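Here's the letter readout for the chains.
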Amino acid sequence: MEKEILQDGTGNYLQVHGIVGESYSDKIFSYQDISGFLPLEIRKINGKKEYIYNISGKLSLEQYVSGNCPGLPEIKKVFEHIFSLMRTTEEYLLDSRGIVLDSDCVFIDPLTGEVGCIYQMDEEKNVVREIGRLLEDVMEKMNQRDKELVFFVYGMHKLTKEAGCTCALLEKYLHGQGSELALSKEDERPIPKERQEFVPANLKMPEKTVHYSHYAVPVGILVGSILIYLVLWGMNLFQKPVSGEIDYSKVVGTFFFFAAVAGYGVWKTMPGKQREKNVLYHDEEKDKKKVCLIPQRGSDAPVAIPYFPFSLGRLRILQEAGSILIMDEESDTGTYYNGRRLAPWSRTEIQDGDILQISEKSYVVEITMSHIII
C-alpha cells in the first residue's frame, strides 16, 4: 500500500494510492462518514484512484507513543477503539480485515484522545497477526519504565502468538486487565515456562532417564573381576610352592588389586559420568556451532558462547536443531536484532553477521562450525 503525507494551507492529509475500479467500501465511505474512521475524499486522476484522509491536528500512533509518553489508559483506549471498529464494519457489511492496523495509519487527537483509522480492502489480512505487529511497534516507542503499560503490552502481544488466538480473546484480555493491575510484583511477573527450564550457573546437564541397560558395563566389570579372582584361586596360584599351604599375603594383595581395578572401572562407567563436561551441548547432532559476539567498540572484549543455553544479562542464547536462537527475558532496555526490538519470550533465529544491541553495547554475531563428538 503506497501512502504519503501531504501538507497545504488547509491542513495535513494522508494520501493512499488505491486500486483501479470501484468497490463496495468506496460507495459506503463516499456517501457517509462512519464514526471512528478518518474523513475521506476519493479522487480519480488519469484513471488512478487516490484516497485523501484529513489528519489535521492528529498524530500517528508511532508519533503519539514516542512523543507524549501515554500511559496504560490511553493505550487501552486505542485498542478498544480498534475492536469497536470491527463491530462497526460488520454493521455496514464490510470486512473487518480492511481496517489498516499500521502504526502510521492509526491517528490520535492528542487533545481529546479520539482515535481515527482508515479502511483499505486491498488484500486479506490476519487481524490477530496485524494487532501483534501493532503491539510490537508500540513496544519500540513506549516508556519502558511504565511497568503497568509494559506488562499489559507484553502480555497482549504474547497472547497474539499463541495458537488459536482470536480477536474475542484479545478483547477479553483488554477488558480484564484493568482489575489485575494491583497485584504484587511476584504476581505481576509470573515465571514463564522458558525461565523455569533455565539451566543453572553450575552448568549441570539436564536429568536423563537411566535404564537398566546403562548399568551393563559397570556390572560386567565387577563380575569379570570376581570371576578372574576365582579362576586364579582354582589354579592354586595362592598356595606356597613347597608346603602347599595358602599364602594369605598373596590372597589379600590380589584381592585388593582386583578390588581397586574393578572399583575404578565401575566408577568411570557408571551412568552420568559421561555428562560431566566443561563444555556442554544438547545431544541434537555431532556438528555443533560455535558462537561469538564481537563488540563493535574496540575497547570491549568479545563474548564467546561456550555452552547452550547461555545467558548474557536478560538475553538467552540457545541452539536447537542446528539453529542459533535468541530470546529476550523481559530486559528493562530491551534487545535489538538488526535494529528491531525483540518481543519478550519469543525466539528469533540469528545468522552470522547479524547485529545485536544489548543495553548500550552492540555486537556482531560470528558463527563458526566445530566438529564435536559427544
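Residues numbered from 1 in each chain as written. Predicted model: local features only at pLDDT ≥ 70, side-chain atom pairs only at ≥ 80, totals over all residues. Heavy atoms only, no water.

K.L.:
When you look at a nonpolar patch on the surface in this model, what are you seeing that I'm missing?
P.N.:
On the surface, a nonpolar cluster with roughly 700 Å² of combined accessible area is contributed by Tyr 215, Val 219, Leu 222, Val 223, Ile 226, Leu 227, Leu 230 and Met 270. Position of Met 270 relative to the elements: it lies in the loop between α10 (248–269) and β8 (287–295). (Patch = residues over 30% accessible without salt bridge, like charges linked within 9 Å, V, L, I, M, F, W, Y side chains within 5 Å. Areas by Shrake-Rupley, 256 points an atom, 1.4 Å probe, with all protein chains shown as cover. Salt bridge = Lys/Arg side-chain N within 4 Å of Asp/Glu carboxyl O. Helix = DSSP H or I, 4+ residues; strand = E, 2+ residues; numbered from the N terminus.)

K.L.:
I'm lost on the state of the cysteines in this one. Help?
P.N.:
Note on terminology: disulfide describes a covalent bond linking the sulfur atoms of two cysteines. Counted by the stated rule, this structure contains 0 disulfides. Distance from the sulfur of Cys 117, which forms no disulfide, to the nearest cysteine sulfur (Cys 105) is 9.2 Å. For Cys 117, a relative accessible area of 0% gives the class buried. (Disulfide = S-S within 2.5 Å. Buried < 20%, exposed > 50% of the residue type's maximum accessible area, 1.4 Å probe, protein only.)

K.L.:
Explain the sheet that holds strand β11 (residues 315–320) here, please?
P.N.:
Across a sheet, paired strands are connected by hydrogen bonds in the backbone, their directions being either parallel or antiparallel. Reading across from one edge, β10-β11-β12-β15 is the order of the 4 strands in this open sheet, with antiparallel pairing throughout. A single partner strand is all that each edge strand has here, and the edge strands are β10 (310–312) and β15 (348–349). Examined bridge by bridge, β10 and β11 share 3 bridges and lie antiparallel to one another. Paired with Leu 312 across the strands is Leu 315, a residue of β11. (Pairing = 2+ DSSP bridges.)

K.L.:
What is the right way to look at the sheet that holds strand β1 (residues 3–8) in this model?
P.N.:
If you walk across this open sheet you meet the 4 strands as β1-β2-β4-β3, and the pairing is antiparallel. Either end of the sheet is taken by a strand with one partner, and the two such strands are β1 and β3 (40–45). When the angles between neighbouring strand axes are averaged without regard to direction, this sheet yields 30 degrees. Summarising the sheet, β3 and strand β4 (residues 48–54) pair through 6 bridges and their orientation is antiparallel. (Axes fitted to C-alpha atoms, helices over the stretch in contact; angles between N-to-C directions.)

K.L.:
I keep staring at the pairing of β11 and nothing clicks. Help me out?
P.N.:
Side chains on a regular strand alternate between the two faces of the sheet. Most of β11 sits inside the fold, with 5 of its 6 residues counted as buried. Remark: 2 residues form the turn of the hairpin made by β10 and β11, two consecutive strands paired antiparallel; Gly 313 in that turn has positive phi of roughly 65 degrees. Where β11 lies against strand β12 (residues 323–328), 6 bridges are found, and the strand directions are antiparallel. In the strand pairing of β12, Leu 315 is matched with Asp 328. Where β11 hands over to β12, the hairpin turn is made up of 2 residues, of which Ala 321 adopts a positive phi near 50 degrees.

K.L.:
Help me understand the nonpolar core in this model?
P.N.:
It is characteristic of soluble globular proteins that their nonpolar side chains tend to be buried jointly. Leu 61, Phe 79, Ile 131, Met 142 and Met 156 are the most contacted members of the largest nonpolar core, which has 43 residues in total. When contributions to this core are tallied by element, the ones reaching two or more residues are α1 (24–31), α2 (61–68), α3 (72–91), α4 (127–141), α5 (147–160) and α6 (167–176). Those residues in contact with Ile 131 that lie beyond four places of it in its chain are Phe 79, Phe 83, Met 86, Leu 101, Met 156 and Leu 170. Residues Val 291, Ile 305, Ile 326 and Leu 356 belong to the second largest nonpolar core, which totals 19 residues. (Core = buried A, V, L, I, M, F, W, Y, C linked by side-chain atoms within 4.5 Å. Contact = heavy atoms within 4.5 Å.)

K.L.:
Is there a simple way to explain the packing of α4 against α5 in this structure?
P.N.:
Between two packed helices, both the angle of their axes relative to each other and the distance between the axes serve to describe the pair. As a packed pair, α4 and α5 sit with axes 9 Å apart at the nearest point and diverge in direction by 150 degrees. On the basis of their axis angle, the class for α4 and α5 is roughly antiparallel. Regarding α4 and α5, the two cross each other, and that crossing is left-handed. Facing α4, whose interface residues are Val 128, Ile 131, Gly 132, Leu 135, Glu 136, Val 138 and Met 139, α5 presents Val 153, Tyr 154, Met 156, His 157 and Thr 160. Broken down by class, the residue content of the contact of α4 with α5 amounts to 8 nonpolar, 3 polar and 1 charged. (Parallel < 35°, antiparallel > 145°, perpendicular 65-115°, else oblique. Left-handed = near helix turned anticlockwise from the far one by under 90°. Nonpolar A, V, L, I, M, F, W, Y, C, P; charged D, E, K, R; others polar.)

K.L.:
Please explain the side chain of His 81 as it appears in this structure.
P.N.:
Considering the arrangement of structural elements, one finds His 81 in helix α3. Polar side-chain contacts of His 81 include one of 3.1 Å to the backbone oxygen of Val 115. (Polar contact = N/O pair within 3.5 Å; in protein donor to acceptor, adjacent residues only side chain to side chain.)

K.L.:
Please explain the side chain of Ser 331 as it appears in this structure.
P.N.:
Positionally, Ser 331 belongs in the loop between β12 and β13 (335–337). Within the structure, the side chain of Ser 331 is placed 2.6 Å from the side chain of Asp 328, a separation counted as a polar contact. The residues contacting Ser 331, other than those within four sequence positions of it, are Arg 314 and Arg 341.

K.L.:
What is the right way to look at the pattern of salt bridges in this model?
P.N.:
Where side chains of opposite charge bring their charged atoms close, a pairing between them can arise. Per the counting criterion, the structure on display carries 11 salt bridges. In this structure, Lys 49 engages Asp 26 in a salt bridge whose closest nitrogen and oxygen atoms are separated by 2.7 Å. Within this pair, whereas Lys 49 is found in strand β4, its partner Asp 26 is found in helix α1, the two being separated by 23 residues in sequence. Looking at Asp 26, the relative accessible area reads 4%, which means it is buried. The salt bridge partner of Glu 140 is Arg 340, with a shortest N-O separation of 3.7 Å. Taken together, the positions of Glu 140 in helix α4 and Arg 340 in strand β14 (residues 340–341) put the pair 200 residues apart, joining distant regions of the chain. Judged by relative accessible area, which is 27%, Glu 140 ranks as partly exposed.

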